[in-house]
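Coordinates in review
Spelled out from the first residue to the last, the chains are:
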Amino acid sequence: KQEVTQIPAALSVPEGENLVLNCSFTDSAIYNLQWFRQDPGKGLTSLLLIQSSQREQTSGRLNASLDKSSGRSTLYIAASQPGDSATYLCAVRAGETSGSRLTFGEGTQLTVNP
Amino acid sequence: NAGVTQTPKFRILKIGQSMTLQCTQDMNHNYMYWYRQDPGMGLKLIYYSVGAGITDKGEVPNGYNVSRSTTEDFPLRLELAAPSQTSVYFCASSYWAAVSEGTTQYFGPGTRLLVL
């Protein structure tokens, strides 16, 4: 059974700092990995999707890396801003032949202080 | 496009009552999903559908039922509400064309359910 773990559970940083969020998964036979952002009381917004054949994806100040063999992914946020404050969720699509079921981690709650 | 819409936004139920959570998407996605999120936890898959008329159980299906009569709609039914079903429920959809590495899922804003 696929299990996804995110460390740390919560993180508080001053504005402008670069930071790294970690995600690990137990079954390396994944099809892809996604990072989502969740604002309080809101749904999830997809930030980056890394296919199993890729090593990293970048979007603006965000960079996500994937190391399938070690079962790890990191989300790097450069020059953090108060507007980045949210919960960040990592999810993997494991080796299923039908459906595109995602297994989620518990999330990292990020607070960026002005 | 409105994307994925869910109704209601919030609901209080008494133990033993029934209700249906509505989910609609206008992106012509073939795959739809229902997740629940308990406080401080990640999302767990309840049911999913790969197309109209086809549904399958996810990780935590007990106490729920679904149907998929159209591509657009994927309602989630709670027959006998229990306090353990207090949670936030998210509907999502995606487009899956072939055996491939997959595409992103799009999420609705969620339904907050309280069972007392």
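Everything here concerns the structure above.
Remember, it's a predicted structure, so these values are computed and weren't measured experimentally.

Attention now moves to the overall build of chain A. Of regular secondary structure, chain A possesses 0 helices and 11 strands. Scaling as 2.2 N^0.38, a compact globule of 114 residues should have a C-alpha radius of gyration of about 13 Å, and chain A matches this with 14 Å. If you line up chain A on its principal axes, its C-alpha atoms span 45 × 30 × 20 Å. The buried share of chain A, reckoned over its 114 residues, is 44%. Sequence separation of 24 or more characterises 54% of the internal contacts of chain A that already satisfy a separation of 6 or more. A total of about 5200 Å² of accessible surface is found on chain A, and carbon and sulfur atoms cover 45% of it. If you average the places of the 9 positive and of the 10 negative side-chain charges in chain A, the two averages end up 6 Å apart.

All names here are of chain A. One open sheet holds the 5 strands; their spatial order is β1-β3-β8-β7-β6, and the pairing between them is antiparallel. Two strands close off the open sheet at either side, each with one partner strand: β1 (4–7) and β6 (56–59). The mean inter-strand angle of the sheet, taken between neighbouring strand axes irrespective of direction, is 15°. Alignment of β1 against strand β3 (residues 19–25), held across 4 bridges, turns out to be antiparallel. Counted as the bridge partner of Thr5 is Ser24 from β3.

Each value, and the rule that gives it
- Residues numbered from 1 in each chain as written.
- Chains lettered and ligands numbered in written order.
- Predicted model: local features only at pLDDT ≥ 70, side-chain atom pairs only at ≥ 80, totals over all residues.
- Heavy atoms only, no water.
- Helix = DSSP H or I, 4+ residues; strand = E, 2+ residues; numbered from the N terminus.
- Rg over C-alpha atoms; globule rule 2.2 N^0.38 Å.
- Buried < 20%, exposed > 50% of the residue type's maximum accessible area, 1.4 Å probe, protein only.
- Contact = heavy atoms within 4.5 Å.
- Areas by Shrake-Rupley, 256 points an atom, 1.4 Å probe, with all protein chains shown as cover.
- Lys, Arg positive; Asp, Glu negative; His and termini not counted.
- Charge placed at Lys NZ, Arg CZ, Asp CG, Glu CD.
- Pairing = 2+ DSSP bridges.
- Axes fitted to C-alpha atoms, helices over the stretch in contact; angles between N-to-C directions.

On their own, these measurements won't tell you what the molecule is for.
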